[in-house]
Amino acid sequence: MAEIIDGNAIADEIKAEIVAETEKLKAKGLAPGIATLLVGDDFGSKMYRGQVEKNCESVGFNYIEKTLPAETTEEEVIQIVKELNEDPAVSGILPLRPYPEHISDSAVIRNIREDKDIDCFHPANMGRLLLGEPTLAPATPSACIELLDRVGVEFEGAEIVVVGHSNIVGKPVAMLALNRNATISVTHIFTSQAGNLEKHTTGADILIVAAGKAGLITPDQVKDGAVVIDVGINRVKVLDDEGNPVLNDKGKPKTKTVGDVDFDAVKDKAKAITPVPGGVGAVTNMMLLKNALTAAKMQAGMD
Ligand code: NAP
């Protein structure tokens, strides 16, 4: 039976460190702050906005909300970004995507000051990551590395297989691990379609899965004693023992959140595994705050 890596407990540890460092910075007259930039009313983005506001409050950061109507033009959004770039109360800017179709994500991101790009999507920050000199690293990939570090996993020479090659998770986590001298394989949908996924995953000492497909990773795809980091977040129906949907009080199917890994089966084979929820997600929130702290220090010339 694997060690269940407790993301909530690790997130609490990191939060305590952030609170302590924030207090020290405030004593020197420096208060970190995060501005969210939402255009329109995407439900997921609004939920995330509320979460970021709550997280900022919980560690003593300033929080600045910019919510603009869906019909705001790209030029107007970029003007707001430029104002936030100049605002000393804002250490980090978080664009809450998706944006309406008439606004180019990359136009917004390229206008964020590199040292306020706490999501690390600016090409300059992605480039630094590739060169092994990241100043700010993207939150979810950093959370995977932080979790592994805090449970004492060695990177040097380890075989790490990443499932998923998105710009948000798969590619940057592969780069972060490569920068730590692990041996990296990055797999994706074409690996699966070629029937080669298992060939790679069964060789992994550390398996990092970020595909967004519930149940993608089963025990036969995992090496005995591997460490498994499940990034996926999927809503699935709750089924009874016969495989039928369980209904709620309103007669609708009950749902639950699961990762990409068949947790109950894989936990008997792995050495350690992150659950969903309670794994990567909790730590991701803290890594975003850590980035804002780093950004505040960089802007004050303290790093
Ligand atoms: P994404 O942009 O949809 O990327 C998914 C990746 O998985 C793509 O590279 C895709 O390949 C690959 N893939 C899809 N099906 C596959 C299969 N059957 N076999 C192998 N590879 C497959 O998603 P994302 O933004 O990277 O997010 C991935 C998951 O992590 C999602 O469930 C998301 O909700 C979750 N997530 C969690 C956090 C957190 O904090 N916990 C943060 C961000 C994302 P192709 O591109 O070639 O199709």
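Bear in mind the structure is a predicted one, so any value in this text is a computation, not a measurement.

1. So, the domain arrangement of the protein chain
Phase 1: Domain annotation for the protein chain reports domain 1 (32-122) and domain 2 (139-281).
Phase 2: Spacing between the C-alpha centres of domain 1 and domain 2 amounts to 29 Å.

2. Here's the deal with the sheet that holds strand S8 (residues 227-230)
Phase 1: With parallel pairing, six strands are arranged side by side in an open sheet as S1-S11-S8-S7-S5-S6. Since the sheet does not close on itself, it has two edges, and those belong to strand S1 (3-4) and strand S6 (183-187), each with one partner.
Phase 2: Sheet analysis places strand S7 (residues 206-209) next to S8, joined by four bridges and oriented parallel. Counterpart to Leu207 in the pairing with S8 is Val228.

3. A few points about helix H1 (residues 7-27)
Phase 1: The end-to-end C-alpha distance of H1, which contains 21 residues, comes to 30 Å, matching closely the 30 Å that a straight helix rising 1.5 Å per residue would cover.
Phase 2: Along H1, the residues that are buried comprise Gly7, Ile10, Ala11, Ile14, Ile18, Thr22 and Leu25. For H1, the angular spread of buried residues about the axis comes to 110°, placing them on one side. Turned more than 90 degrees off the buried face of H1, the exposed positions are Asp12, Glu23, Lys24 and Ala27.
Phase 3: Summarising the contacts, the buried residues of H1 are in contact with helix H2 (43-59), helix H6 (139-150) and helix H11 (280-299).
Phase 4: Capping the start of H1 is the job of one residue whose side-chain oxygen sits 3.1 Å from the backbone nitrogen of Asn8: Asp6.
Phase 5: One or two steps after H1, the chain reaches Gly29, where phi turns positive at roughly 85°.

4. Details of the packing of helix H5 (residues 123-130) against helix H7 (residues 170-178)
Phase 1: Where H5 contacts H7, the axes come no closer than 9 Å and their chain directions differ by 35°. Listed contacts from H7 to Met126, Leu129 and Leu130 of H5 are Pro172, Met175 and Leu176.
Phase 2: Considering only residue class, the contact of H5 with H7 consists of six nonpolar, no polar and no charged.

5. Observations regarding the sheet that holds strand S2 (residues 33-39)
Phase 1: Pairing in this open sheet of three strands is parallel, and the strands run S3-S2-S4 from one edge to the other. Where the open sheet ends on each side, the last strands, each with one partner, are strand S3 (62-68) and strand S4 (92-96). Strand-to-strand twist of the sheet, defined as the mean angle between neighbouring strand axes without regard to direction, takes the value 15°.
Phase 2: The sheet contact formed by S2 and S3 spans seven bridges and is parallel. The partner of Leu37 across the bridge, within S3, is Lys66.

6. With respect to the environment of Asp149
Phase 1: Positionally, Asp149 belongs in helix H6.
Phase 2: Linking Asp149 and Leu25, residues 124 residues apart in sequence, is a C-alpha distance of 26 Å.
Phase 3: For Asp149, the residues in contact, after removing those within four places along its chain, are Phe155 and Arg180.

Calculation criteria
- Residues numbered from 1 in each chain as written.
- Predicted model: local features only at pLDDT ≥ 70, side-chain atom pairs only at ≥ 80, totals over all residues.
- Heavy atoms only, no water.
- Domains from an automatic or database assignment.
- Pairing = 2+ DSSP bridges.
- Helix = DSSP H or I, 4+ residues; strand = E, 2+ residues; numbered from the N terminus.
- Expected span 1.5 Å × (residues − 1).
- Buried < 20%, exposed > 50% of the residue type's maximum accessible area, 1.4 Å probe, protein only.
- Arc of directions from axis to C-beta.
- Contact = heavy atoms within 4.5 Å.
- Polar contact = N/O pair within 3.5 Å; in protein donor to acceptor, adjacent residues only side chain to side chain.
- Axes fitted to C-alpha atoms, helices over the stretch in contact; angles between N-to-C directions.
- Nonpolar A, V, L, I, M, F, W, Y, C, P; charged D, E, K, R; others polar.

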